[in-house]
Amino acid sequence: MVEDLKLYGTTACSYSLRIELALKLKRIPYEYIEEDLFNKSPSLLKYNPVHKKIPVLVHNEKPVAESQVILEYIDETWKNNPILPQDFYERAMARFWARFIDEKFLTKAWEAYTCEGKEREVVMEQVCELMKILEKELDGKDFFGGDSIGFVDIVGNVVVLWFQLTPEVVGVEGWNPKRFPGLLKWVGKLQEIDVVNESMPPIEKYVSPFVRRIELALKLKWIPYEYIEEDLSNMSTSLVKYNPVHMKVPVLVHNEKPITESLVILEYIDETWKNNPILPQDSYQRALARFWARFIDENILPTVWKANFFEGDERELVIQEVHEHIQILEKELNGKDFFEGSSIGSVDIAGIVVAFWFQLTQEVLGVEFYSPEKFPGLFKWIDKLQEIDVVNECRPPMEKHLAYFRACFEAFKSM
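Residues numbered from 1 in each chain as written. Predicted model: local features only at pLDDT ≥ 70, side-chain atom pairs only at ≥ 80, totals over all residues. Heavy atoms only, no water.

K.L.:
Quick rundown of the sheet that holds strand β4 (residues 62-65)? Include the residues and the values.
P.N.:
Pairing in this open sheet of four strands is mixed, and the strands run β2-β1-β3-β4 from one edge to the other. Taken across any chain shown, the strands that pair with only one partner, and hence form the sheet edges, are β2 (31-34) and β4. Strand-to-strand twist in this sheet, taken as the mean axis angle between neighbours without regard to direction, amounts to 20°. Here strand β3 (residues 56-59) pairs with β4 via four bridges, running antiparallel. In the strand pairing of β4, V58 is matched with P63. Running over the sheet, helix α1 (residues 14-25) touches β1 (5-9), β2 and β3 and is turned about 150° from β1. (Pairing = 2+ DSSP bridges. Helix = DSSP H or I, 4+ residues; strand = E, 2+ residues; numbered from the N terminus. Axes fitted to C-alpha atoms, helices over the stretch in contact; angles between N-to-C directions. Contact = heavy atoms within 4.5 Å.)

Structural data, given as structure tokens:
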């Protein structure tokens, strides 16, 4: 009998990628069907009527849902290259640690996206405590099950993804390899396996708007530079060398001296290359520019991000908070073309991320953060920005981001 095997998933969802990894490790042929989770297919609703989410494995018209359940089904149906231990006690332990990752670690880790300030610091410390438990369980082994990749490693691959994305997308410090050498060694061992790398979400599709700030400043000043693209799923030794504290982008390296953090880099550029200044010359105006740039990064962006993780009345409250912040920006613009007057400056460069994130989040969530009727000054400002060629050159590619974040947000919701 010819096997009919279909996997319904999404490219950026780590839960469906778990199943792809298991199938590839066992060399099982299958048909992959990409789902648009904002327009779910009749087949997905037919095969998973309970949760209506991915992944779903359909084997000879029999559907199996929930990633860990699917992994066990695959291992019991195709005996080659086993991913669960043969010993019953060890199998029980593998199930325990897989559930620990999904039900304890990830549940706590996602909380970092929905809180701020001191509360976020407390949550991240709790995440680190859970990581210590995983570090202890590894106990110097290459993989959780011993010498080869197994069930817990396949489930745990989502841990790698979370800590790669968190510092860049949300601005939360995920982990310090020096604090968790066993986990770092484990990540390295996973990345030595070709099918693991094939089955990682396409993080390279995410283009940091914070990096684009720096590119825009350099282009506005006509400064030649070499751009080095980083694969956030496999950070280069140079990135780790030049930014050992946060291990994230952007990093500007000038004559072998590294500068990190986008707002810090912007000031360094302006102080080093005096042509086409982006910060005001007056000391008081410079102070105000710094204030508004930080207001954008520390008040507006975290609040917008929070909206992705709430629904119903809670989301409405967050959106109202976003509106209040935008109203403050609208008032600060006060009819001007740009925040600092008649030409683009540091606050405008920092603020480009606002237009980008808002457009992206509105598309993904189907909610309206701002409109020309509510905020005419902000829309006039966006129009003025779009009249500048180098601004358009430095805007992140919206379609790639939209597809990527749609899948990511649906994956977050499915937890």
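Text resumes after the structure shown.
K.L.:
Outline the pattern of salt bridges, listing residues and values.
P.N.:
Summed over the entire model, instances satisfying the criterion amount to 18 salt bridges. For D75, the salt bridge identified is with K26, shortest N-O distance 2.9 Å. Residue D75 is found in helix α3 (residues 67-77), and its partner K26 is found in the loop between α1 and β2; the two are separated by 49 residues along the sequence. Summarising the burial analysis for this pair, D75 and K26 share the class buried. Across the pair K132 and E129 runs a salt bridge whose closest N-O atoms are separated by 3.0 Å. (Salt bridge = Lys/Arg side-chain N within 4 Å of Asp/Glu carboxyl O. Buried < 20%, exposed > 50% of the residue type's maximum accessible area, 1.4 Å probe, protein only.)

K.L.:
Residues and numbers for helix α13 (residues 312-333), please.
P.N.:
A rise of 1.5 Å per residue sets the reference length of α13, with its 22 residues, at 32 Å; its end C-alpha atoms lie 32 Å apart and thus fit the reference within 8%. When α13 is considered as a whole, its buried residues turn out to be R315, V318, I319, V322, H323, H325, I326, L329, E330 and L333. Where α13 terminates, the next one or two residues include N334, which has phi positive at roughly 50°. (Expected span 1.5 Å × (residues − 1).)

By themselves, these figures tell us nothing about what the structure is for.
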